[in-house]
Each structure stands twice: as structure tokens, then as C-alpha cells.
Amino acid sequence: MSNISKAFENGKAFVAFITCGDPDLETTVKAVKAAADNGADLVELGIPFSDPTAEGPVIQGANLRALKGGVTTDKIFDMVKELRKEVTIPLVFMTYANVVFSYGAERFMTNCKEAQIDGIILPDLPFEEKEEFDGICDKYGVDLISLIAPTSAGRIAMIAKEAKGFIYLVSSLGVTGTRSEITTDLSSIVKVIRENTDVPCAIGFGISTPEQAAKMSSISDGAIVGSAIIKILEKHGKDAPKYIGEYVNSMKKAM
Amino acid sequence: MTNTKGRFGVHGGQYIPETLMNAVIELEKAYDHYKNDPEFNMELADLLNEYAGRPSRLYYAEKMTKDLGGAKIYLKREDLNHTGAHKINNVLGQALLAKKMGKTRLIAETGAGQHGVATATAAALMGMECVVFMGEEDTKRQALNVYKMRLLGAEVVPVTSGTATLKDAVSEAMREWTSRIDDTHYCLGSVMGPHPFPTIVRDFQAVISKEIKEQILEKEGRLPDAVLACVGGGSNAIGTFYHFIDDKDVKLIGCEAAGRGIDTFETAATVNTGKIGIFHGMKSYFCQDEYGQIAPVYSISAGLDYPGVGPEHAYLHDIGRAEYVPVTDDEAVDAFEYLSRTEGIIPAIESSHAIAYAMKLAKTMDKDKIIVVTVSGRGDKDCAAIARYRGEDINE
């Protein structure tokens, strides 16, 4: 049984995304703790990439700030090991295929296991290419998270049947970033997912308000929020953890 | 060579967001259908011949040959195509395909602006909407091409993210495609990106080597000893190589932009300095650091200023079929001036990289040897920048 399932045992799951090293790793540790203490059920830790093609301007900015600050994959593994002394909720990495590939997939997953990372999201690794890493992920008990998009017609069952950890349902076309409205017919996608797997399904992309979180989690198992949290980091820098705690609290309460 | 997932050896593949998967599957199906459709091929041949001016000339550069005193040098004159470069070959094919697929809007990335101008041209001709993404840095380096694209009815979006050059323009075009797929075709400009793009673009550019083969057999009664082309993403190079890949006696030489030298960080010579990675939808060679962060590359040529190379080139390198050599800014600029003075042909600074290596190579070969160099584009767009490089400030 995947450790990630624990995130879905406490009602609807609130999933927070935080880019590691924005503005520095000390702040990341505090931000993750603040999120966990205020009801986040799972945290996605972003390993920054120079060219994050699935991200909108907000998370692109966080990636560049973090890299400018000198963050590396090794420093992030060290940080997670520290973080694990206090944080017990499931943690997953979110990064790009080249970060894992260039590090060496086996070495990367060995370190994930050591740091008790429960899963990994790679937005540029679709179903057709997952064999690049899934064998090694399985070997070290790291769930390779599958994404399903509004344009996945005819592919949902195929992806859901092999999904592990949780399914990341992308709410809208385009890249990450807050949206005033989400118009995709997500209920019918969730229905097909449910028919094909028991793996929980959380919705992300464009969610920023408690109302949106409530609505999205009502039709799925949870809501994923990234850009709205990164905006708090962008605005408050080292002081952001306090505000992130407050924000996560308000979101979780609404769900 | 290509398997069902578009592999060239270990390279290639489809490393893209799930959101785009159905779009590339739809594109692959449409291409597989139309590439064997006689009507499609007749329409495309008509566009290439009547509109773009094909076949392009294979010109014997007699003065250059005599001056260098070695191998006989032929120039494949892609610079004489409509819009001034080889880019139009691919664009007309993709635009026609997109139209058959019911798409009404083309988006494209551009570096030097040649692919952007070609896409804007095809969009104007076929009555399609067009948006071109161009690094802000490049919109300044290539202001004339920005004007041309707008004149042709395209919208030009300056990209400010990252290094504000070609790779960022590709990233932004991919982001745009994930947000609008239904009516939009991403007209990728090189033999890169996710499958099926490297195959589609190669097939549309293969007309270059098809013609070279016919023309050289007619002129010389035999195949050349070497064919040369510059390599950024590698579309004119793969076009130049393709029909010679099985002719093992023909050397295939790709000329990469070494910038200020392959022992410096200011280089874009991917095969010579990069390592294998996954980026922009493909597995191939990329300039990157030890953690896989893509390197900010440099070349005097905005068209070769890209940190990756097409997956088929990576494969041809792996199996030793093609050779990839570095050419510096200085050597390219010298060649730019040399060809202008010697043959009265002003080559694009991109193509000048191939000319530069040909100048070195020809001298080492006997007079009965033959080399063909593809002049991928004309150099009008580069005159102001080269003048500046030589310390002369001129107004465009």
C-alpha cells in the first residue's frame, strides 16, 4: 500500500506545492512545516528546472529565483532529510525528466528512498514514456504519479489502470497558474477514472480560492494548489511561512 | 530507423505534457495518411516549385575551388528559395498538412527569424492566423525580420523568460500550444521536439538531398565525397544528409556553432560539448550542467544559438555515420566575407559555419574529389550585425 494513500484518509486532501529554495532552503523547510501544521495532507516539493515548460509565469519565476540562489538536487535531498525529522505527511517531488535523467535515475530514486520521498511527478513524462523511470521507481518504492488532462479523451482508462499513489487531474488547458474560472467538465473525467481504479484523484492547475478548492474537492478526492502559494513566497520572501500557514488553513477548512 | 515512438537509436521519443499527447497522436495519424496521398504530394510539389522556386540550384563554385586549390566545391543554393532560406520547404509542408487537418491557426518559434518569416508567409498564402514566438534578445538582433513577419500579417510575441533566445521561444510556443490545441498547429521549425516532428520536418527537408543527388549525377556522373551543412537543431543538415545516409562513401559533416570556442562556456556546439538528456520533448544531446539544468548557450548566429540538437543527428553521431565539427564565430565571419568576395554570394551567418569548414576541408582533399555545401540561407539579415562585429556601425 502506498504511503501516499494516508494523505487521503483525512477527508478531502489539500495538496500544497512549494518550489525548493525559493527564496532559500531554510524558508522552504519552514514553509513545508507551516503547511503541514495547518492541514496540508501532502506537499509537492518542486526541484527547480531551468526551463519549466509546463509552468506559467509565477512558478517559472520561483524556479529561476531558486536556481539563482544556488539550489541543487543534492542540497534538496539534504534538506528533505532534515525536514523528515519533523514532517510525517507524504511528500512527493515535482520536477522535469531531465533533472532525474541527468542525475541518474537509480541514484535519484535511491536518495528518494533514503529521504522518505513517497512519489514523483514529472509533467514531461507521459504514459507512453513512463517506462523510462517506472521500473526504478517501483524498485525503490517511489510512486510515479500519472497526470490526466482535459484533452485526454480515449486515454483516461489506460492511464488510470496503471496509476500509482494518486492521479493528478489537470483542470484546464495550458500551463500552471491561477484562473478565475475552471470550465472543463471534470466530473465526467473523474467518473471514468473511478471506473478504472481505486487510486485517489486530486485536481490541480488554476485553483487559488477556498471556493474553488471546495468545488474541485467535491467532485474529486482533493485539490492541489501551487501558484497561489508561490505568490505568497514571492511577496513575503523569508516571512512567507506564517502567511502560507494561514492560507493553507483557510483552504483546508473550506474543503 | 524510427520505431512506433519515433526513436533514433536511444534518442527521440515524446517527452511532453499529457495535455499535448492527443495532439501529437492526431498529427502523426494525419501525416501518415497524407504523406502517401498523391493529391497532397502534388499540391506540395506545386507550392515548392511554383511558389518557393524549387528546385534550388547546385552551383559549381569555380573561383572558390581554384582559390583553395583542393576538392571541387558545389554550393546547394537554398538561399535562393522564396523567403531566403531552406525553412520554407518544411513550412509549406506543415502548413498544407495543418490545413488538411482543419487547423486555422499556426504558431511557431523563431531564432534568427527565418522560420518565423517562412511561417508568416505560408499563413498569409493559405489564409491562416499566425503567431510567432521570438526571444526578446533576438527581436532586437533581427529587427528587420520582426517587421517582415508583421507585414505578412503575423503577430510576433517577444519572449522574456529565461535567456530570451531560441530555446525560450520554443518553450513559450509549447506552452501556447498546450493552452490552445483545437484550431492550432505548432509549426516547429527544426528536426527536434517530440515525435512526429523530427520525422515530419526531416521528410519535408529531404528534398534538398534528393535534388543534390540528381543534380550531381547529372553534372559529375558520380556522388560527392562529402556533403556539409550547418547544424543548430539540424533541419537543413538532415535535409542535406538524408538521401546519402545509405551511400556509405559519402561523408556527412555537420558544422556546429562553437561561438567563442568549445573550450569556453560561450558555445552552442551541442554534439561536441553536450551530454545526453531529455528536453523539449526529445531525448538527445544537450548543453547542460551536472544537475541537468539547460545551459545558456552562445553563438553569433541567432539561428544556431540552441542548446540541443535533433535526435536523428544524435543517432548519426552515435553510430559514427555523420561527423559533427565545431566552427567558431571568427571562422564563420571570415567565411561570410570570403564567399561574398570570392563568389559574389552573401551567405547567412548560419550557413557561413558550413562554408568555413568547407574552406578548411577542401584544401586537404585532392582536386578530383567533390564536396557539396548547403548554403541554407542568404545573409542580407546579417549584414548589420557582421558590420558591428567588425567595428563598423551601420543603419539597417
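Remember, it's a predicted structure, so these values are computed and weren't measured experimentally.

Considerations on the overall build of chain B
Here is step 1: On a plain count of helices and strands, chain B comes out with 16 helices and 14 strands.
Here is step 2: The 396 residues of chain B split such that 65% are buried.
Here is step 3: Of the contacts made within chain B by residues no fewer than 6 positions apart, 73% connect residues no fewer than 24 positions apart.
Here is step 4: With the model as given, the accessible surface of chain B reaches about 14000 Å², and the carbon-plus-sulfur share is 49%.
Here is step 5: Each charge class in chain B was averaged separately, 43 positive and 56 negative side chains, and the resulting centres sit 2 Å apart.

Topic: the pairing of strand β3 (residues 91-94) of chain A
Residue and element names in this part refer to chain A.
Here is step 1: Side chains of β3 alternate between two faces, with Leu 91 and Phe 93 and Val 92 and Met 94 buried alike.
Here is step 2: The pairing of β3 with strand β4 (residues 119-121) spans three bridges and is parallel. Bridge pairing links Val 92 to Gly 119 in β4.

So, the nonpolar core
Here is step 1: Counting 161 residues, the largest nonpolar core has A:Leu45, A:Phe93, A:Phe108, A:Ile120, A:Phe133 and A:Phe166 as the members making the most contacts within it.
Here is step 2: Looking at this core, the element that brings in the most residues is helix α1 (residues 18-34) of chain B, giving eight residues.
Here is step 3: Setting aside residues up to four positions removed in sequence, A:Leu45 forms contacts with A:Ile18, A:Cys20, A:Val32, A:Val80, A:Leu83, A:Leu91, A:Val92, A:Phe93, A:Met94 and A:Ile117.
Here is step 4: Core analysis: the second largest hydrophobic core is formed by 34 residues, B:Ile253, B:Ala356, B:Met359 and B:Met365 among them.

A closer look at the pattern of salt bridges
Here is step 1: Within the structure shown, the criterion is met by 47 salt bridges over all chains.
Here is step 2: A salt bridge links A:Lys252 to A:Asp41; its shortest N-O distance comes to 2.7 Å. Linking A:Lys252 in helix α11 (residues 240-254) with A:Asp41 in the loop between α1 (25-37) and β2 (42-46), this pair joins segments that are 211 residues apart in sequence. Exposure class is identical for A:Lys252 and A:Asp41. Each is buried.
Here is step 3: Two residues, B:Lys167 and B:Asp168, come together in a salt bridge whose shortest N-O distance is 3.3 Å.

Considerations on the interface of chain A and chain B
Here is step 1: At the junction of the two partners, chain A supplies 39 residues and chain B supplies 35 residues.
Here is step 2: Together, the buried faces of chain A and chain B total about 2900 Å²; carbon and sulfur atoms form 50% of this surface.
Here is step 3: The largest per-residue losses of area from chain A upon contact with chain B belong to A:Asp51, A:Thr53 and A:Glu129, which jointly make up 19% of the total buried on that side.
Here is step 4: Put simply, chain A and chain B have four salt bridges between them.
Here is step 5: For A:Glu129, the salt bridge goes to B:Arg7, with nearest N and O atoms at 2.6 Å.
Here is step 6: The interface formed by chain A and chain B contains 24 residue pairs in polar contact (both at pLDDT 80 or more).
Here is step 7: Looking at the side of chain A that touches chain B, the elements with two or more residues in it are α2 (57-68), α3 (73-83), α4 (97-103) and β6 (146-148) of chain A.
Here is step 8: Broken down by element, the residue count for the side of chain A that touches chain B peaks at six residues, all from α4(A).

As for the side chain of B:Glu256
Residue and element names in this part refer to chain B.
Here is step 1: The residue Glu 256 is located in strand β10 (residues 251-259) in this model.
Here is step 2: Buried and unpaired, Glu 256 has no salt bridge, with Lys 360 as the nearest side chain of opposite charge at 13 Å.
Here is step 3: Within the structure, the side chain of Glu 256 is placed 3.1 Å from the backbone nitrogen of Thr 270, a separation counted as a polar contact.
Here is step 4: In terms of polar contacts, Glu 256 uses its side chain to reach the backbone amide nitrogen of Val 271, at 2.7 Å.
Here is step 5: Excluding anything up to four places from it in sequence, Glu 256 contacts Val 231, Ala 269, Thr 270, Val 271, Asn 272, Tyr 324, Val 325, Pro 326, Val 327 and His 353.

With respect to the confidence of the model for chain B
The predicted structure's coordinates, where accompanied by low pLDDT, should not be read in detail.
Here is step 1: Residues of chain B with pLDDT of at least 70 account for 99%, and the chain-wide mean is 96.
Here is step 2: The ipTM for the predicted assembly is 0.96, set against a pTM of 0.96.

Let's talk about unusual backbone geometry
Here is step 1: Looking along the chain, the bond that leaves A:Asp22 and enters A:Pro23 is cis, with omega of 0°.
Here is step 2: One can find A:Pro23 in the loop between β1 (13-19) and α1.
Here is step 3: Put simply, B:His195 and B:Pro196 share a cis peptide bond, and its omega is 10°.
Here is step 4: Position of B:Pro196 among the secondary structure elements: in the loop between β8 (184-186) and α9 (197-205).
Here is step 5: Of note, the phi angle at A:Gln116 is positive, near 55°, even though the residue is not glycine.
Here is step 6: You can see A:Gln116 is positioned in the loop between α5 (105-114) and β4.
Here is step 7: The partly exposed category is assigned to A:Gln116, whose relative accessible area is 47%.
Here is step 8: For A:Phe205, which is not glycine, the phi torsion reads 85° and is therefore positive.
Here is step 9: In this fold, A:Phe205 is placed in the loop between β8 (201-204) and α9 (210-219).

A word on the pairing of β1(A)
Residue and element names in this part refer to chain A.
Here is step 1: Taken across its seven residues, β1 has seven buried, putting it largely inside the fold.
Here is step 2: Here β1 shows two buried faces, one formed by Ala 13, Val 15, Phe 17 and Thr 19 and the other by Phe 14, Ala 16 and Ile 18.
Here is step 3: Summarising the sheet, β1 and strand β9 (residues 222-225) pair through four bridges and their orientation is parallel. Each bridged residue has a counterpart across the sheet, and for Ala 13 the counterpart in β9 is Gly 222.
Here is step 4: Here β1 runs beside β2; their pairing, made up of five bridges, is parallel. Bridged to Ile 18 within β2 is Leu 45.

What about helix α4 (residues 87-100) of chain B?
Residue and element names in this part refer to chain B.
Here is step 1: Spanning 14 residues, α4 covers 20 Å between terminal C-alpha atoms, matching the ideal 20 Å at 1.5 Å per step.
Here is step 2: Counting buried residues in α4 gives twelve out of 14 residues, a clear majority hidden from the surface.
Here is step 3: Considered for burial, the residues of α4 that qualify are Lys 87, Ile 88, Asn 89, Asn 90, Val 91, Leu 92, Gly 93, Gln 94, Ala 95, Leu 96, Leu 97 and Ala 98.
Here is step 4: The first or second residue beyond α4 is Gly 102, which carries a positive phi of 85°.

About the cut-offs
- Residues numbered from 1 in each chain as written.
- Chains lettered and ligands numbered in written order.
- Predicted model: local features only at pLDDT ≥ 70, side-chain atom pairs only at ≥ 80, totals over all residues.
- Heavy atoms only, no water.
- Helix = DSSP H or I, 4+ residues; strand = E, 2+ residues; numbered from the N terminus.
- Buried < 20%, exposed > 50% of the residue type's maximum accessible area, 1.4 Å probe, protein only.
- Contact = heavy atoms within 4.5 Å.
- Areas by Shrake-Rupley, 256 points an atom, 1.4 Å probe, with all protein chains shown as cover.
- Lys, Arg positive; Asp, Glu negative; His and termini not counted.
- Charge placed at Lys NZ, Arg CZ, Asp CG, Glu CD.
- Pairing = 2+ DSSP bridges.
- Core = buried A, V, L, I, M, F, W, Y, C linked by side-chain atoms within 4.5 Å.
- Salt bridge = Lys/Arg side-chain N within 4 Å of Asp/Glu carboxyl O.
- Buried area = accessible area lost by both parts, 1.4 Å probe.
- Polar contact = N/O pair within 3.5 Å; in protein donor to acceptor, adjacent residues only side chain to side chain.
- pLDDT = per-residue confidence, 0-100.
- Expected span 1.5 Å × (residues − 1).

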